[in-house]
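Here is how the chains run, residue by residue.
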Amino acid sequence: MTRPRAPYAGRPARRTRDTSVVGRRPVGGRVHPCRPQRPQAAWPCRVQVVTDLTGPASRLDRPWTGVQAAMIAAAATADTLRAVRAVPGWSIGVGPLAGAFADAGAGRGGTLLVAAQVPQLSADLLAEAAGLLGEFDAVLGPTTGDSWWAFGLREPQHGAALRAMPGALLSAGSLTVAALRLGLRVAMLPTLRELGTGADVPTVAGHCPAGSEFAVTVAHLMRVRR
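Residues numbered from 1 in each chain as written. Predicted model: local features only at pLDDT ≥ 70, side-chain atom pairs only at ≥ 80, totals over all residues. Heavy atoms only, no water.

**Student:** For this particular structure, what's the right way to read the packing of helix α1 (residues 66-85) against helix α6 (residues 213-225)?
**Tutor:** In a pair of packed helices, the angle between the axes and the distance between the axes together describe the arrangement. Two elements in contact, α1 and α6, have axes whose closest approach is 8 Å; the angle formed by their N-to-C orientations is 160°. The pairing of α1 with α6 is recorded here as roughly antiparallel in orientation. In this structure, α1 crosses over α6, and the sense of that crossing is left-handed. Contacts between α1 and α6 pair Q68, M71, I72, A75, A76, A78, D79 and R82 from the former with E213, F214, T217, L221 and R225 from the latter. Grouping the constituent residues of the contact of α1 with α6 by class yields 7 nonpolar, 2 polar and 4 charged. (Axes fitted to C-alpha atoms, helices over the stretch in contact; angles between N-to-C directions. Helix = DSSP H or I, 4+ residues; strand = E, 2+ residues; numbered from the N terminus. Parallel < 35°, antiparallel > 145°, perpendicular 65-115°, else oblique. Left-handed = near helix turned anticlockwise from the far one by under 90°. Contact = heavy atoms within 4.5 Å. Nonpolar A, V, L, I, M, F, W, Y, C, P; charged D, E, K, R; others polar.)

Quick look at the structure:
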């Protein structure tokens, strides 16, 4: 005699390896560490490359010399700007963190802040971030330290509220708390290795596309040091 089967209750929600549920509607005031699907088209976006988020080139002095650290930092900035400019149709600005989200009266589309020295950045990552702004209120790309490589808002008017919170934009942790306090739906972007000290340089270079200015510069300097 066969046992009666329970009524079909629908396909269970699929879970990712980090145990986050995929496929639920965004809920205000929650961080969503998974991406429902890769966005097919980028949301209209304004980009500001933040010049003073990563710190001076002297942070990379050890084990590099001051001149080498300056070369490495310059190459990181060049690759970051190249990636940003590779996305067609975006309005691009460069400035300090103090000017973030200053244009609150801008038209339709999101605003994306990008740290100035993220040499492993790609146009695909930026398009993914902009695409997620079509579904979520904010996107946040943390680094392996306490910083972030990208932060964006779908409605730049929310930037005025963040700017009113002292220190809210300085770290990934403070940004997350501030965004949740405002009830924003936050989508998390991939975590990238932070270029925080000279010891990070070889590892970051290993994550850069072949032929990138940063990878070529670091390879040259490592040959010189031997």
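Once the structure has been displayed, the description carries forward.
**Student:** Got a minute to help me understand the confidence of the model for the chain in this structure?
**Tutor:** Close inspection of predicted coordinates is inappropriate in any region flagged by low pLDDT. Per-residue confidence for the chain gives a mean pLDDT of 83, with 79% of residues at or over 70. Within the model, pLDDT remains below 50 along residues 6-27, and this stretch shows 22 contacts once partners closer than five positions in the same chain are excluded. (pLDDT = per-residue confidence, 0-100.)

**Student:** Help me out: how do you make sense of helix α4 (residues 172-181) in this one?
**Tutor:** The α-helix winds at 3.6 residues per turn, so residues separated by three or four positions along the chain end up facing the same way. When α4 is considered as a whole, its buried residues turn out to be A172, L175, A178 and A179. The buried residues of α4 all sit within an arc of 130° when viewed along its axis, so they share a single face. On its buried face, α4 is in contact with β5 (138-142), β6 (148-153), α3 (157-163) and β7 (186-188). Once α4 ends, the next one or two residues include G183, with phi positive near 75°. (Buried < 20%, exposed > 50% of the residue type's maximum accessible area, 1.4 Å probe, protein only. Arc of directions from axis to C-beta.)

**Student:** How do you make sense of the pairing of strand β4 (residues 110-115) when you look at a structure like this?
**Tutor:** For a regular strand, side chains alternate in direction, first toward one face of the sheet and then toward the other. Along β4, 6 of the 6 residues are buried, which leaves the element largely enclosed by surrounding structure. Every second residue of β4 is oriented toward a common face, with G110, L112 and V114 on one face and T111, L113 and A115 on the other, all of them buried. Inspection of the sheet shows strand β2 (residues 45-50) paired to β4 by 6 bridges, in the parallel sense. Paired with V47 across the strands is L112, a residue of β4. Examined bridge by bridge, β4 and β6 share 4 bridges and lie antiparallel to one another. Its bridge partner lying in β6, T111 is registered against L153. (Pairing = 2+ DSSP bridges.)

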